[in-house]
Amino acid sequence: MIRFILLQNRQGKTRLAKYYIPLEESEKHKVEYEVHRLVVNRDPKFTNFVEFRTHKVIYRRYAGLFFSLCVDITDNELAYLESIHLFVEILDHFFSNVCELDLVFNFHKVYLILDEFILAGELQETSKRAIIERMGELEKQE
Amino acid sequence: MNPFSSGTRLRDMIRAIRACKTAAEERGVVRKECAAIRDSISENDPDYRHRNLAKLMFIHMLGYPTHFGQMECLKLIASPGFPEKRIGYLGLMLLLDERQEVLMLVTNSIKQDLNHTNQYIVGLALCALGNICSAEMARDLAPEVERLLQFRDPNIRKKAALCSIRIIKKVPDLAENFVKPVAALLKEKHHGVLITGVQLCADLCKASPEALDYFRKKCTDGLVKVLKDVANSPYAPEYDISGITDPFLHIRLLKVLRVLGQGDADTSDSMNDILAQVATKTESNKNAGNAILYECVETIMNIEDNGGLHVLAINILGRFLSNRDNNIRYVALNMLMRAIAVDSQAVQRHRATILECVKDSDPSIRKRALELVYLLVNDTNVKPLTKELTEHLEVSDPEFKGDLTAKICSIVEKFSPEKIWYIDQMLKVLSEAGKYVKDEVWHALIVVITNASDLHGYAVRFLYRALQAAVEQETLVRVAVWCIGEYGEMLVNNVGRLDIEEPLTVTESDAVDVLETSIKSHSCDLTSQAMCLIALLKLSSRFPSCSQRINEIIGQYKGSFVLELQQRANEFNSIIERHQNMRSSLAERMPVLDEATFSGRRAGSVPAVVSTSQGVSVILPNGSAKLGTAPVADLLDLSLDDAPAPSSSGGEFLQDLLGVNLMPVSLQPDTNQAQKSGSDILLDLLSIGTPPAQNSPSPPQLLSSNTDNRSPLDILDRLSTPSAPSAQIFSTGGNSSMLDLLDGLPSSPPMSEGNGLAHSSVTAFESSSLILTFNFSKQPGNPQMTLIDGSFTNKSQDVFTEFIFQAAVPKFLQLQLDPASGDTLPASGNGSITQKLRITNSQHGKKSLVMRIRISYKVNNKDVLEEGQIRNFPRDL
């Protein structure tokens, strides 16, 4: 199960943080700081997996943004790596050529997309088209 | 319009915050914005409510407190429109979690929304529930969610399925309600519903054995068919990821099959075909394909045994291992670790590749590979594996050396086939990565070296060479210095040279050179320096020709600012200059350290050793204890062990070093009899070099239980603190050594004879050759003081020369010894030596006198040492 998802830029500013487990605010800040420290300086040739406390973080870097998933130690790393990419493709499609600023100004939409993609720490939908269509329907409700 | 009024749009606020140049400026903007939002909240203005909350969420992401907005979430959720509800639920998930009491208030709103006619609002409610529901909410809302599993829109069904996962995780009892609806979900065609249904099925199986049983019987075939269909499906653009249709669904299906197959041979059997197909047909040139293969391997490893599939699985991992992508290699190593339990032979075949991974530049890979190698070591491959690892030690990254060193040491200790190999490997590790070696590891090495008497020379020569090559490896320096101190003469004389050794010519002064270089090296820490001093002292006795030079080196530390070094230097200097006669026995070789006891203690007290390793490191093997609290406490511990029980539970290396020959032996029943052969910590400390033969084993009991138990510590304290105000150890005559060692002690005042009360005399000590009798008298008006006339008589046929009597008492007593009447004791009782003692008993009337004595003399030019305890003093002294 996914325990949390973080989107951070190189400077460590959190652009999106979604926790599927209850954590204190202070603990969340600590986690965000530690995960950033773990991933930011890793050689791009290295694995995309880092052990983090009793779990592991699967991360992937897109330009200046790090997408990190914290998952259980027995989870399939390669599958989660693939799901990060799928999420990025969805964002890219939705914002047509997504950049960090899109995520800053439309953070609530990013959360909405994420909620269509992952729920309760598990994958909810694997079709990019289905999610984009769903987002279109939701926007019509506004 | 003021850009910071509550009327600002979210977008404008974000711009304003982003425009801030400094953190202080940002705080200012946020403060103003929060104040405006608060005002708006208190005005209860519904128009701006969702805009305010959106702003608050952004502010929250920046790390500012936003708790005051929590109630706004609830109000928004309760409002009728979708846009308000959307922001309300988002705020609920961001600002609150399942532990807040406020959440209780929202249960009813969620319940209403789950029954809402607008399916998008139902979706919002399900999403919030799935992400933050508490056990209580789970119980209240489970029926609604269960009903929604059959909702007409697939988007709601899949959300309801994931929501159910959360519910049964919170309340496993509810699992049975979901079994039937889930069985229906597994027949769905919609991938989203299917993947969530499969996931829910797996979680139900974990939560309830009945559910597992049900799904095994009713759904296995269906799931196998679904997997078959997905695996064989033609190109489906909607779900295609690098040529594979929905790898995520593949993986979920493989996972649920694993849950079903585990522990059930029939079920496992029914999935063999499809697993074989997935394992052989899946493309492995892209990450998505590898992810499926990886999951497939895990399922094969976990379901009931099928030899053919296992081979297939291990081969896939073998291919993974040689993949260029680090991620793939990482998961392969991970999985091989689990595969060892299933088929270790098959994993052994990939040993060479795994070893290569230890040398990878990626720390994640290295760490996994090293752990795997560690699991692969056995008696047959330990030598080549250790060789490889040790060779890699030279070139590995500094941050990896610690882990690598620890693992090599652990392998060597666990699997070492013979001592010479053990010593060889450890010495290599010390030379390469000495600074990463833990204290207990080099302590153990010293224990092994002392026990391998035929390898003493070999080890010391090896270390001598290594020390010249690598001075900065701290633990290497320590072991080398210790060995050169102990076995210095073997270094020079090439004693016990093995065939494999290169000839080595070392002169006595070379050996001193190397110690001098070490002690003066900048990387030499306090412990190593102190060890160097001891080694130098030992060499001064082994190599008399270098004695003068050694004394000069030691002399340089007499002014050291470090008390420990200063004290040692002063003591050793005085030993070399003034006590030639006792130097050789002081600098005697250490007795062999007991391996079994050491390893037993180490095993029994690993945490203790780790936590006090700092303390241990300042204890030096040659019996000198630093005045730290921990070491002293240990000494105390040991010597306070009044009970005759074995002391092996103490758990500190120090005890081995100091008291190795104090191994447990039951207490002699008659404690009133002076123990002729007794030796104790104190005396041990005093007689570092006493040959073990004389130090026959005795219980680690120092003084009788009715004496002040703190005495040994105290005596030790005084021993090692030259400035101690009162000394309790005095010695006879001018030829004595202890008094001089403790330069600066007050000399005994002139003795005043008193006409004290007479007491009967006692035979305080009797051995086969010697009798000591005490006559007591008291001075009137001073009941605490007892005068003792000691008289020594020689029962043997030989004359005793250089006769020295020494005594020590517990803290509550004060002892003064007057000079003896002579130092030669005629044979066959023809005369005696007399000596007066004065004891002041500060606990007069409460405690009796007690004394430890030690008598040394020469018979026919041979040293004899007798020791004992005197407990049979009259009670009223």
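Here's a quick rundown of the structure. Owing to the predicted nature of the structure, the values given are computational and were not obtained by experimental measurement. (Residues numbered from 1 in each chain as written. Chains lettered and ligands numbered in written order. Predicted model: local features only at pLDDT ≥ 70, side-chain atom pairs only at ≥ 80, totals over all residues. Heavy atoms only, no water.)

What follows deals with the overall build of chain B. If you tally the helices and strands in chain B, you get 39 helices and 11 strands. Total accessible area computed for chain B in this model is approximately 35,300 Å², and 51% of it derives from carbon and sulfur atoms. (Helix = DSSP H or I, 4+ residues; strand = E, 2+ residues; numbered from the N terminus. Areas by Shrake-Rupley, 256 points an atom, 1.4 Å probe, with all protein chains shown as cover.)

Turning to the sheet that holds strand 9 (residues 832-841) of chain B, a few remarks are in order. Residues and elements named next belong to chain B. Here five strands make up an open sheet; going across it, the order is 4-5-6-9-8 and the pairing antiparallel. Here the strands that pair on one side only, and so sit at the sheet edges, are strand 4 (762-766) and strand 8 (813-817). For this sheet, the mean inter-axis angle between neighbouring strands, taken without regard to orientation, is 25°. Sheet topology note: the strand 8/strand 9 ladder contains five bridges and is antiparallel. Across the sheet, residue Leu817 finds its bridge partner in strand 9, namely Leu837. (Pairing = 2+ DSSP bridges. Axes fitted to C-alpha atoms, helices over the stretch in contact; angles between N-to-C directions.)

As a further point, take the sheet that holds strand 2 (residues 14-19) of chain A. Residue and element names in this part refer to chain A. Spatially, 2-1-5-4-3 is the arrangement adopted by the five strands of the open sheet, whose pairing is antiparallel. Each end of this open sheet is capped by a strand with a single partner; those strands are strand 2 and strand 3 (49-52). Averaged over all adjacent pairs, the angle separating strand axes in this sheet is 20°, with direction ignored. Of the strand pairs in this sheet, strand 1 (residues 2-9) and strand 5 (residues 65-71) are connected by seven bridges, and their pairing is antiparallel. Paired with Gln8 across the strands is Phe66, a residue of strand 5.

The subject of this paragraph is helix 1 (residues 25-40) of chain A. Residue and element names in this part refer to chain A. An ideal rise of 1.5 Å per residue puts 22 Å on 16 residues; helix 1 measures up with 22 Å between its terminal C-alpha atoms. Taken as a whole, helix 1 has its buried residues at Lys28, Val31, Glu32, Val35, His36, Val39 and Val40. Looking straight down helix 1, one finds its buried side chains confined to an arc of 140°; they lie on one side. Residues of helix 1 that are exposed and point over 90 degrees away from its buried face: Ser26, Tyr33 and Arg37. (Expected span 1.5 Å × (residues − 1). Buried < 20%, exposed > 50% of the residue type's maximum accessible area, 1.4 Å probe, protein only. Arc of directions from axis to C-beta.)

Turning our attention to empty space enclosed by the protein. Within this structure, the stated rule accounts for 13 cavities of 30 Å³ or more. Here the second largest cavity is characterised by a volume of approximately 290 Å³. Among the secondary structure elements, those contributing two or more residues to the lining of the second largest cavity are strand 2 and helix 1 of chain A together with helix 3 (49-61), helix 5 (82-95) and helix 7 (119-132) of chain B. A breakdown of the residues in the lining of the second largest cavity according to their chemical character gives 12 nonpolar, four polar and seven charged. (1 Å grid on protein atoms, 1.4 Å probe; cavity = no way out; pocket = protein on both sides within 12 Å on 5 of 7 lines; lining within 4 Å. Points joined across faces, edges and corners; volume = space filled by probe spheres on them. Nonpolar A, V, L, I, M, F, W, Y, C, P; charged D, E, K, R; others polar.)

Evaluation of the coordinates by the stated rule reveals 53 salt bridges over all chains. The partner of Asp229 of chain B in a salt bridge is Lys225 of chain B, with the nearest N and O atoms 3.1 Å apart. Residue Asp229 of chain B and its partner Lys225 of chain B are both found in helix 12 (residues 209-232); the two are separated by four residues, about one turn of the helix. The exposure class assigned to Asp229 of chain B is partly exposed, which follows from its relative accessible area of 41%. Salt bridges sharing common partners tie together Glu51 of chain A together with Lys367, Arg368 and Glu371 of chain B. (Salt bridge = Lys/Arg side-chain N within 4 Å of Asp/Glu carboxyl O.)

The next subject is the pairing of strand 6 (residues 782-794) of chain B. Residue and element names in this part refer to chain B. Sheet analysis places strand 5 (residues 770-779) next to strand 6, joined by 10 bridges and oriented antiparallel. Residue pairing for strand 6: Ser777 is matched across the bridge by Leu787. Hairpin connection of strand 5 to strand 6: two residues between the antiparallel strands, including Gly781 at a positive phi of 80°.

Turning our attention to the layout of surface pockets. All names here are of chain B. Taken as a whole, the second largest pocket encloses approximately 410 Å³ of empty space. What lines the second largest pocket is a set of 19 residues, and nearest its centre among them are Leu186, Lys187, Glu188, Lys189 and Val226. Elements with a contribution of two residues or more to the lining of the second largest pocket: helix 11 (191-207) and helix 12. Among the elements that take part in the lining of the second largest pocket, helix 12 stands out by supplying nine residues, more than any other.

A few words now on the nonpolar core. Residues and elements named next belong to chain B. Ranked by size, the top nonpolar core spans 270 residues in total, and within it Leu92, Phe215 and Ile354 carry the most contacts. Of the residues forming this core, the biggest block, 12 residues, is contributed by helix 26 (residues 474-493). Contact partners of Phe215, with chain neighbours within four places excluded, come to Val179, Val182, Ala183, Leu186, Cys201, Leu204, Cys205, Thr220 and Leu260. Membership of the second largest hydrophobic core comes to 31 residues, among which are Ile788, Phe792, Leu815 and Ile870. (Core = buried A, V, L, I, M, F, W, Y, C linked by side-chain atoms within 4.5 Å. Contact = heavy atoms within 4.5 Å.)

All names here are of chain B. Across nine bridges, strand 10 (residues 851-859) lies against strand 11 (residues 862-870) in antiparallel orientation. Within the sheet, the bridge partner assigned to Ile853 lies in strand 11 and is Gly868. Taking the residues between adjacent antiparallel strands as the criterion, strand 10 and strand 11 are bridged by two residues, where Asn860 takes a positive phi near 50°.

Okay, the interface of chain B and chain A next. Taken together, the contact between chain B and chain A spans 69 residues of the former and 57 residues of the latter. Summed over both partners, the interface of chain B with chain A comes to about 5,700 Å²; 54% of that surface belongs to carbon and sulfur atoms. Grouping the amino acids of the side of chain B that touches chain A by side-chain chemistry returns 29 nonpolar, 20 polar and 20 charged. (Buried area = accessible area lost by both parts, 1.4 Å probe.)

Further remarks concern the packing of helix 16 (residues 307-321) of chain B against helix 17 (residues 326-342) of chain B. Between two packed helices, what matters for the description is the angle formed by their axes and the separation of those axes. Residue and element names in this part refer to chain B. Two elements in contact, helix 16 and helix 17, have axes separated by 8 Å at closest approach and are oriented at 145°. Crossing of helix 16 over helix 17 shows left-handed handedness. Contact with helix 16, carried on its side by His310, Ile314, Leu317, Phe320 and Leu321, involves Ile328, Arg329, Val331, Ala332, Leu333, Met335, Leu336, Ala339 and Val342 of helix 17 and no other residues of that element. Within the contact of helix 16 with helix 17, the residues separate by chemical class into 12 nonpolar, one polar and one charged. (Left-handed = near helix turned anticlockwise from the far one by under 90°.)

Coordinates in, geometry out; function isn't part of it.
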